[in-house]
Structure formats: C-alpha cells, structure tokens
Amino acid sequence: MSSLPYRPEFAGERPYGAPQIDVPVRLNVNENPYPPSPELVAEIERRVGQAARSLNRYPDRDATALREDLATYLAGESGVSLPPSNVWAANGSNEVMLQILTAFAGPGRAVVSFLPTYSMYPEYARDTSSRWVTGRRREDFALDASGVEEVMRRERPAVLLLASPNNPTGTALPFSQLREILRVARGTGPKEGMASLVVVDEAYAEFRRSGVPSALELLAGNPHLVVTRTMSKAFGAAGLRLGYMAAGRDVVDQVMVARLPYHLSALTQAAARAALAHREALARQVAAIRDERDGLVSRLRGLGLDVTDSDANFVLFGAFADRHAVWRALLERGVLVREIGPEGHLRVSVGTPGENAAFLAALQEAM
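Residues numbered from 1 in each chain as written. Predicted model: local features only at pLDDT ≥ 70, side-chain atom pairs only at ≥ 80, totals over all residues. Heavy atoms only, no water.

### Re the environment of Glu355
- Checked against the element boundaries, Glu355 lands in helix H11 (residues 353-366).
- For the pair formed by Glu355 and Val25, sequence separation is 330 residues and the distance between their alpha carbons is 6.0 Å.
- Ignoring sequence-local partners within four residues, the contact set of Glu355 consists of Val25, Leu27 and Pro33. (Helix = DSSP H or I, 4+ residues; strand = E, 2+ residues; numbered from the N terminus. Contact = heavy atoms within 4.5 Å.)

### Some thoughts on the sheet that holds strand S10 (residues 314-318)
- As summarised here, the arrangement of the three strands in space is S9-S10-S12, forming an open sheet in which the pairing is antiparallel. Of all the strands in the sheet, the pair left with one neighbour each is strand S9 (306-307) and strand S12 (346-349).
- Direction of pairing for S10 relative to S12: antiparallel, over a ladder of four bridges. Looking at the pairing, Phe317 lines up with Leu346 of S12. (Pairing = 2+ DSSP bridges.)

### A short note on the packing of aromatic side chains
- As enumerated under the stated definition, the model contains eight aromatic pairs in all.
- With 5.0 Å between their ring centres and 80° between their planes, Tyr204 and Phe314 make a pair best called edge-to-face. On the criterion of sequence distance, the pair formed by Tyr204 in the loop between strand S6 (197-201) and strand S7 (225-230) and Phe314 in strand S10 is long-range, its members being 110 residues apart.
- On the basis of relative accessible area, Tyr204 is assigned to the buried category, the value being 7%.
- For Phe314, a relative accessible area of 0% translates into the label buried. (Phe/Tyr/Trp six-rings, centres within 6.5 Å; stacked < 30°, edge-to-face > 60°. Buried < 20%, exposed > 50% of the residue type's maximum accessible area, 1.4 Å probe, protein only.)

### Regarding the nonpolar core
- In this structure, Leu66, Val198, Met231, Leu242 and Tyr244 are the most contacted members of the largest nonpolar core, which totals 49 residues.
- Counting residues per element, this core draws most heavily on helix H6 (residues 175-185), at six residues.
- In this structure, Val198 is in contact with Leu160, Leu162, Leu178, Ile181, Leu182, Ala185, His224, Leu225 and Val226, ignoring residues within four places of it in sequence.
- Ala312, Leu331, Leu336 and Leu360 belong to the second-largest nonpolar core, a separate cluster that totals 33 residues. (Core = buried A, V, L, I, M, F, W, Y, C linked by side-chain atoms within 4.5 Å.)

### Concerning the environment of Gly108
- By the secondary structure assignment, Gly108 is in the loop between helix H3 (92-104) and strand S3 (110-115).
- Judged by its relative accessible area of 83%, Gly108 is exposed.
- Residues Gly108 and Ser349, 241 residues apart in the sequence, show an inter-C-alpha distance of 38 Å.

### Structural notes on unusual backbone geometry
- Between Asn167 and the following residue, Pro168, the backbone shows a cis peptide bond with an omega angle of 25°.
- Its place among the elements puts Pro168 in the loop between strand S5 (159-163) and H6.
- For the bond running from Gly318 to Ala319, omega is -10°, close enough to zero to count as cis.
- As for its placement among the helices and strands, Ala319 is situated in the loop between S10 and helix H10 (323-332).
- Positioned with a positive phi, Arg156 is a non-glycine residue whose angle comes to about 45°.
- Among the structural elements, Arg156 can be located in the loop between helix H5 (145-155) and S5.
- One non-glycine residue with positive phi stands out, namely Arg241, at about 60°.
- By the element assignment, Arg241 lies in the loop between S7 and strand S8 (243-247).

### Points about the pairing of S6
- When you tally the buried positions in S6, you get five out of five residues, the bulk of the element.
- Here S6 shows two buried faces, one formed by Leu197, Val199 and Asp201 and the other by Val198 and Val200.
- Traced from S5 through H6 to S6, the parallel crossover comes out right-handed.
- Relative to S7, S6 runs parallel, the two being bridged by four bridges. Paired with Val199 across the bridge in S7 is Val226. (Right-handed = clockwise from strand over helix to strand, strands pointing away.)

What follows is the structure, encoded as structure tokens:
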C-alpha cells in the first residue's frame, strides 16, 4: 500500500482526455478545423518576438491590455459593452472555471448542473472539494424550469454551471429560462440572504444561430451572473489555451484573489492579442462553419437519424442500438468521432467540407 498522502477523492481516478488517435479525419474534440492563416501566424510571430525580448521580467499579472482587447471584441460580437475590469482571462476556460469554484465553492458547498452536460464539470467540483450535485434534463435535452428551481432550493448551491450551447447536445438555453433561473438564484445561496452564482459557459457561443442572444445581455442587473468563453473554438486557437469570463466587478475581484500570481505568460498574452486583432477574418470563418453545420444536420436527418438542433460547432446524433459498434466502424474507416452523451448517441465535430463528406460516407457504410 502506498504511503503517500493522496486525497481519497482522487483514488481510482484517471486524467481527463478524449482519445487521441492518428486517423485521417479527426472530428471528436470540437476543434476549429482550419489552421491559422499565414497573416495571423506572421502577426503572432511578430508580437511574441517582441514579448520575448523582456522574458527576464514577469508578465503583466493583470493582463490589462489583453482584457481591454477582449472587452472590445465582446462589444462587437454581442453588442454588450463592458469595462475591461469586468473581464478576466486565464489559461483556457478550464482554469477560469477552476478559479471561480476556488473563489466561491469549496468544502461544505455544492456545485449544481443538469445532465447531460460537459464532462469536466464534476472534475472542477472534485478538485475544489466541492459537493457535486446533478439534476436531469428533459428528453429533448432542455431544462425543466420547475425541476431546476426544486434542485436549487433543496441544495442551496454556491455555483450553478450551465453550458449554452450545451455540450454534448449543442442546445442553447432560452433567454426566458435563464431570466427565471437568475431570479430564483438570487435567494438560493449557501446561506440565508446569499445568491447562487450562475455561470453560463458560452464556449461555443460564436456558432449560435441567427437570433440566439448571448447571456452577456443579462449581466446588467444580475451581479450573480458569470459568462465564460474561450478562444479555443471560434478563434481556432485550441493550442493557445486562452479562456476568459465576463462578470460584475465584485466577482472578478474575488477570482483575482484566488488566481495564482503571473498565471498568464507574456507569450500567451501576446499571441491572444494577435488573434483578437484578426477577429474579422475569423468571424467569416465561423460563418462558414455554421453553414457546414446546418448542412450536416440536414444530411444526417436525411439518413433517418435523430439529430438535435445545434448552436455549436458539433452535432449530436443517434440513436443506435450499439453506438460503440458504429463508433468502431467509423474508426476503421479513418474517421474519429466522440462516443459521449446520452445512451445510443454519438457526437461529431464540424470539419472542413472534405472531412464532413468523408464522415458521411463512412457513416453510411457503418450503418
């Protein structure tokens, strides 16, 4: 028996990660299929080169210029203008989430979400010694308003995690429901008179369909709302590891207490600012991915499959009597998708037109 003082909640656990298999068509982790343009690569090289000249110094610990750029980007993308002090950035939205739970959840406090949803959420709760509590979504993967209220009043969570668009279903949270959840959450915190922090995870928000609003529009008047985002998806920068959040100043200040000092390197900040400077070109790329997604949904339905409407860059489809057999058959044909989510379903990321065609051809053979 080991004499190491490991934490009991980590016993038997394995590190998180999707399968990384070298196949011609990889559509399993919701990456943007397009690499950075030569123009963007040159801009990153230039800015990172400048930052490298002062690597003997610590970076700006508050990432001031980056937060200004992020606030400008959000104003253009969502129409919501925020001061940079209401924006915070970290190494991927994973670190943002961990900082939020470190600051607001922890031992003796609950974190709530509703299944199926992002599989990392329970790990954030575990890592912060928070109590993880889940409710269930309806058969169509929407939230049941009365069910959400019942769980919130019973569990009195410090934090409620809601992905919109939800992963792995791709469904966005209706504004009317979010408004009601925010109303209920004003009085369901860990102690009497406390609110529950409502964290809306908008990792895929840029891919939402026309007319679907961002939760950013509800930040005003809701100091217990936090909206998290990432540059991994829409910006095609999964390798950059840059996530961020928008929230009231009180929330940001508390997260800054919990963060590690100098957590964002000077090189990361420089590369992220370069990508933000090319946001117009990247927005056109996002529009093309949305079109490909909608076409993929139509073609999958044409095969007689049950496909969920998606506001993300992935599609959930099924239902299969043996989804693993279908997943394996696709893999044998050089296509990797994700075996995740509700029983009988698979999730496919939107790829290039050629990758999507290869996936559909392989799926028809697999079926």
